[in-house]
Amino acid sequence: MTICAISRRRLLSSLILTVIAVPPTSAMLAKRDGVTALLPHLHAARLIGSHYLALVPQERSATRLSESVFGDIDAAVDGPDALARLRALVDARRRRDFSTGDTVILNGWLLARTEARLCALSTFL
Amino acid sequence: MIQDFRQSDDGAVIETDICIIGAGAAGITLARALAGSQRKVWLLESGGLDPEPETLALNKGKIVGLPYAPLDQVRLRYFGGSTNHWNSFCRPLDPIDFEKRAWVPYSGWPFDRAALDPYYREAQEICELGPYVYDDDDILRRIPGVAAFNRDRVTNIHWTIGPPTRFGQRYLEDLQQAPNVDVLLNANVVEIVPSADGQTVTTLRLKSLEGKTGTVRPKLVVLACGGIENPRILLASNSVMKPGLGNGRDLVGRFFADHVGVIMGYVVPAADACQLGYNVPASVKVGGRESTMRLAPALPADVQRREQLLNFHIMLNCEDEHSAGYLALRNAGKNLVRGKVDGMGDALLTILDDLGGAAGGVWRHLNDELVMGVEAYGEPAPNPDSRITLDAERDRLGMPQVRLDWKLSPREKKAARFLCRSVGEELARLNYGRLYIDEWMLADDTTWQRPHPWDHHMGTTRMSDDPATGVVDANCRVHGINNLYVAGSSVFPTYGAGPPTLTIVALALRLADHIRGVDLTLREAK
């Protein structure tokens, strides 16, 4: 382990452990706003996203990533509590990934595929 | 009766029915089990009732393979053997550990777990562990903070923790009271001598550090000196059989195994994760009796089969740092405060080798941050190239010292990595924290960083019904020698992920049952 890794750990823990705990603000229905709301530490998310895209270059497409993360849940996130519902849906997807072993290891960190894709999406913002 | 060989007449000759060499967990259990029988039993111990530096030094040897602690420190040579320093974490081997598994070459015992179950039950009492209950869902649920892992991926198991029982202190009086048992201290067996045809042991040659000699003429011999000394004595007993006793197939000393522990990474824990029951032992009442248990996530047998993996557990420890560098720094600091400078050189090397870990630990300590260290602990694959051989250098008794060439294979790393990842996924799914796994563990190769042997010396006189693949048969008798038996973990053909002592004691009880049925008059006639 290196000092650099500790720094990554802090970044990652602050990112991931708060990813589902963003305080509700105004409803953000657009995907771009949804991504930024889910990722309060955008800089850290982009760093992680870059690592993911380096590992899986075939996913280097905003459209494709957006489809992977949000493709089938657009219709569900409408209305005043949209962000809360979006968070819940992404959280469910994250848990499913962990449950089925659909995970990636980025710089030593174990992430759900959905989390990694969400971070990768942030690199296009 | 307890006697001291140093007080005997030089050249003394002992005639006996049964001679047990080595008074550790196996030897003491066997002697106690035979106490009160019609057979005369002598239990020989190299050391005395207390440790003495000159005797402990007889355990010195060379390390030529993976790094290993000095051989005169990883075991003890006085009455009670290595139970004088064990931590008494116990668990029977799992049923799958006894099976012949296609994906584990050389695997399989000649019998299944059910054959040992009644002996395990008795061994549990001897090791003073409380009720014999393992992997019972109802019991596991009583341990506070057990994680609801998906059982198709990760299972919860527990180790039972004893007082720990020091066999020498705990059972000395039993042996003193036994009318048919004599204990001979400070008696080193320097050679087991067979008949000219090599098929019957006739004599044991004894020597003391002071130069006194003696002879035992037994009808039946049990070698119970541990996984390093058992092959050493057999290989060194070569005045009649040149390759050594029981070594016609060049198997004695091969398949040396030790449970491998390795720090694989850590979990950044969520707020309540360190309250899980994995971090500290829990006291659980079972059938009105207390039992101390420690939880561990483990690979379910089904997953081992499906993924073709060895058996592994994981230990989770909440601490301010898990890295070797920081732990060495912390221990060195404590020792300096106490004025102890022994081992400071090794500590410094470890710190320099893992400077990042040491610095990170200091940083975390200053910031009161905890991490949950992830240490895999598991079964080594049987490996004929991992072995004990004799060295040219000799000890004070003239016995060749041993050379230990400990080897691991990619199989251990694969299983540890798979379990680590599964546990990380389950902990994340349950919102207990996030796993960081050290990069070197991700490579599918044979490299190891600081593998930590658990000083469980196994496999060097392995058991098999086939003399081509084993030194002893299913009754622990050396193939081709009608009155020589081996007790202890050196007979394990595969090793499981559980600590070995409970199995050592169970096997000794099973051996005692077998020996009670052996007709010694036939051996006398021979």
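What counts and how
Residues numbered from 1 in each chain as written. Chains lettered and ligands numbered in written order. Predicted model: local features only at pLDDT ≥ 70, side-chain atom pairs only at ≥ 80, totals over all residues. Helix = DSSP H or I, 4+ residues; strand = E, 2+ residues; numbered from the N terminus. Buried ≥ 20, exposed ≤ 12 C-beta atoms within 10 Å, placed from the backbone. Contact = placed C-beta atoms within 7 Å. Axes fitted to C-alpha atoms, helices over the stretch in contact; angles between N-to-C directions. Left-handed = near helix turned anticlockwise from the far one by under 90°. Nonpolar A, V, L, I, M, F, W, Y, C, P; charged D, E, K, R; others polar. Pairing = 2+ DSSP bridges. pLDDT = per-residue confidence, 0-100. Core = buried A, V, L, I, M, F, W, Y, C linked by C-beta atoms within 7 Å. Expected span 1.5 Å × (residues − 1). Arc of directions from axis to C-beta. Parallel < 35°, antiparallel > 145°, perpendicular 65-115°, else oblique.

Trainee: Looking at this model, I keep getting lost on the overall build of chain A. Mind explaining?
Mentor: Summing up its helical and strand segments, chain A has six helices and two strands in all. The order of helices and strands in chain A, counted from the N terminus, is α-α-α-α-α-β-β-α. The buried share of chain A, taken over its 125 residues, is 37%. Taking as baseline every contact in chain A between residues at least 6 positions apart, the subset at least 24 positions apart corresponds to 68%.

Trainee: Would you explain the overall build of chain B in this entry?
Mentor: Helix and strand content of chain B: 13 helices and 20 strands. Across its three principal axes, chain B shows a C-alpha extent of roughly 70 × 50 × 45 Å. For chain B, the proportion of its 526 residues judged to be buried stands at 53%. Across chain B, contacts joining residues at least 24 apart in sequence account for 77% of those joining residues at least 6 apart.

Trainee: Honestly, the packing of helix α8 (residues 324-337) of chain B against helix α9 (residues 344-353) of chain B in this entry has me stumped. Any pointers?
Mentor: For any two helices packed against each other, one specifies the crossing angle of their axes together with the interaxial distance. Residues and elements named next belong to chain B. Interhelical geometry of α8 versus α9 gives an angle of 145° and a closest axis separation of 8 Å. Crossing of α8 against α9: the hand is left-handed. Residues Ala 324, Gly 325, Ala 328, Leu 329, Asn 331 and Ala 332 of α8 touch α9, and the partners they reach there are Met 344, Ala 347, Thr 350, Ile 351 and Asp 353. Classifying every residue of the contact of α8 with α9 by side-chain character gives seven nonpolar, three polar and one charged.

Trainee: It is not clear to me how the environment of Gly 36 of chain B should be interpreted in this structure. Could you clarify?
Mentor: Residue and element names in this part refer to chain B. Relative to the helices and strands, Gly 36 is located in the loop between α1 (25-34) and β3 (41-44). For Gly 36, a count of 12 C-beta atoms within 10 Å puts it in the exposed group. Each C-alpha atom of the pair Gly 36 and Asn 247 lies 34 Å from the other, and the pair is 211 residues apart in sequence. Those residues in contact with Gly 36 that sit more than four places away from it in its chain are Ala 178 and Asn 180.

Trainee: Honestly, the pairing of strand β6 (residues 155-161) of chain B in this entry has me stumped. Any pointers?
Mentor: Each regular strand shows side chains that alternate between the opposite faces of the sheet. Residue and element names in this part refer to chain B. Of all the seven residues making up β6, five are buried; the element is thus mostly covered by neighbouring parts of the structure. Here strand β5 (residues 89-90) runs beside β6; their pairing, made up of two bridges, is antiparallel. Directly across from Phe 89, in β6, lies its bridge partner Ile 161. In terms of strand pairing, β6 meets strand β13 (residues 289-298) through seven bridges, oriented antiparallel. From the neighbouring strand, Thr 155 faces β13, where its bridge partner is Ala 298.

Trainee: I would appreciate a short explanation of the confidence of the model for chain A in the present structure.
Mentor: Predicted coordinates in regions of low pLDDT should not be interpreted in detail. Considering every residue of chain A, the mean pLDDT works out to 72; 62% of them sit at 70 or more. Confidence over residues 1-31 of chain A falls short of pLDDT 50; this stretch has 54 contacts with residues more than four positions distant or in other chains.

Trainee: Looking at this structure, I do not really get the nonpolar core. What am I missing?
Mentor: In summary, soluble globular proteins display a tendency toward joint burial of nonpolar side chains. All names here are of chain B. Within the largest apolar cluster, 172 residues are counted, with the highest numbers of intra-cluster contacts made by Ile 20, Leu 30, Val 221 and Ala 487. With ten residues, the single largest contributor to this core is helix α12 (residues 501-516). Other than its neighbours up to four places away in sequence, Val 221 contacts Cys 19, Ile 21, Ile 192, Val 201, Leu 204, Asn 483, Leu 484 and Tyr 485.

Trainee: Please clarify how the sheet that holds strand β16 (residues 387-394) of chain B should be interpreted in this entry.
Mentor: Paired through backbone hydrogen bonds, the strands of a sheet run either parallel or antiparallel to each other. Residues and elements named next belong to chain B. Ordered in space as β4-β17-β16, the three strands form an open sheet in which the pairing is mixed. Sheet topology places β4 (61-63) and β16 at the edges, where each strand pairs with a single neighbour. Averaged over all pairs of adjacent strands, the angle between their axes in this sheet comes to 30°, without regard to strand direction. Pairing geometry for β16 and strand β17 (residues 400-405), over five bridges, is antiparallel. Pairing of Arg 394 across the sheet is with Pro 400, part of β17.

Trainee: Whenever I open this one, helix α5 (residues 82-100) of chain A confuses me. Can you help?
Mentor: Within an α-helix, residues lying three or four positions from one another point in the same direction, as the helix has 3.6 residues per turn. Residue and element names in this part refer to chain A. The end-to-end C-alpha distance of α5 is 27 Å, a good match for the 27 Å that 19 residues give at a rise of 1.5 Å each. Among the residues of α5, those classed as buried are Leu 83, Leu 86, Arg 87, Val 90, Arg 93, Arg 94, Asp 97 and Phe 98. Looking straight down α5, one finds its buried side chains confined to an arc of 140°; they lie on one side. Following α5 by one or two positions, Gly 101 adopts a phi angle in the positive range, close to 80°.

Trainee: How do you make sense of the packing of α5 of chain A against helix α11 (residues 410-429) of chain B when you look at a structure like this?
Mentor: It is the contact of α5 of chain A with α11 of chain B, at a shortest axis distance of 8 Å, that shows an interaxial angle of 155°. Between α5 of chain A and α11 of chain B, the angle falls in the class roughly antiparallel. α11 of chain B is crossed by α5 of chain A, and the crossing has left-handed handedness. Across from Arg 95, Phe 98 and Ser 99 of chain A in α5 of chain A, the residues of α11 of chain B making contact are Glu 425, Ala 428 and Arg 429 of chain B. A per-class count over the contact of α5 of chain A with α11 of chain B returns two nonpolar, one polar and three charged.

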